[in-house]
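Structure at a glance
In case you want the letters, here they are:
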Amino acid sequence: MHGESDWSERAICRAGDPDELFVEGALQNRAKATCVGCPVRTECLAYALDHRVEFGVWGGMTERERRALLRRRPTVTSWRRLLDTARAEHGKARPGAAEPGMAFEAG
């Protein structure tokens, strides 16, 4: 079992320049593309939501998208628990399906 922050050791973005995830405007779409296929995308997003990280792309979401999500779901006390549960339930329903955490993305 990995510790709470061990997930960052397996993140795809560790191989690149961290500054590329802290950009503005249209560059955020390129930063978000870095997250596609990352094995720890859900953990990263949960970390940013639980710790109210204000800047950068985390788990495929911009700070604006995360703020909107937090406003829509003010009663969530642990995003990590919520996303882990959703991933487990989604996996049972559709083996081999895409990661469920992204069903919470802002539109």
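Residues numbered from 1 in each chain as written. Predicted model: local features only at pLDDT ≥ 70, side-chain atom pairs only at ≥ 80, totals over all residues. Heavy atoms only, no water.

It is worth spelling out the nonpolar core at this point. Core analysis: the biggest nonpolar cluster contains nine residues, these being L45, A46, L49, M61, L69, L70, V76, W79 and L83. Elements that contribute at least two residues to this core include exactly α2 (41–50), α3 (63–72) and α4 (79–93). With three residues, the single largest contributor to this core is α2. Counting seven residues, the second-largest nonpolar core is a separate cluster that includes W7, A11, A48 and W58. (Core = buried A, V, L, I, M, F, W, Y, C linked by side-chain atoms within 4.5 Å. Buried < 20%, exposed > 50% of the residue type's maximum accessible area, 1.4 Å probe, protein only. Helix = DSSP H or I, 4+ residues; strand = E, 2+ residues; numbered from the N terminus.)

We now examine unusual backbone geometry. Phi at R52 is positive, roughly 50 degrees, even though this residue is not glycine. Along the polypeptide, R52 turns up in the loop between α2 and α3. Here R52 falls in the partly exposed class, since its relative accessible area comes to 45%.

With that settled, the discussion passes to the packing of aromatic side chains. Given two aromatic rings, one states the distance between the centres and the angle between the planes to describe the pair. Following the criterion strictly, the structure yields two aromatic pairs and no others. Summarising the aromatic geometry, the rings of W7 and Y47 are spaced 5.7 Å apart at their centres and angled 55 degrees between planes, so their arrangement reads as tilted. Of this pair, W7 sits in the segment before α1 (27–35) while Y47 is found in helix α2, placing the two residues 40 residues apart along the sequence. Classification of Y47 by relative accessible area gives partly exposed; the value is 29%. Aromatic side chains Y47 and W58 sit 5.7 Å apart centroid to centroid with 25 degrees between the ring planes, which places their arrangement in the stacked category. (Phe/Tyr/Trp six-rings, centres within 6.5 Å; stacked < 30°, edge-to-face > 60°.)

The next subject is the state of the cysteines. Enumeration according to the criterion identifies zero disulfides in this entry. Here C13 is not cross-linked by a disulfide; its sulfur's nearest cysteine counterpart is in C44, at 6.2 Å. A relative accessible area of 29% means that C13 is categorised as partly exposed. Take C44: it sits in no disulfide, and the sulfur closest to it among the cysteines is that of C35, at 6.1 Å. Judged by relative accessible area, which is 12%, C44 ranks as buried. (Disulfide = S-S within 2.5 Å.)

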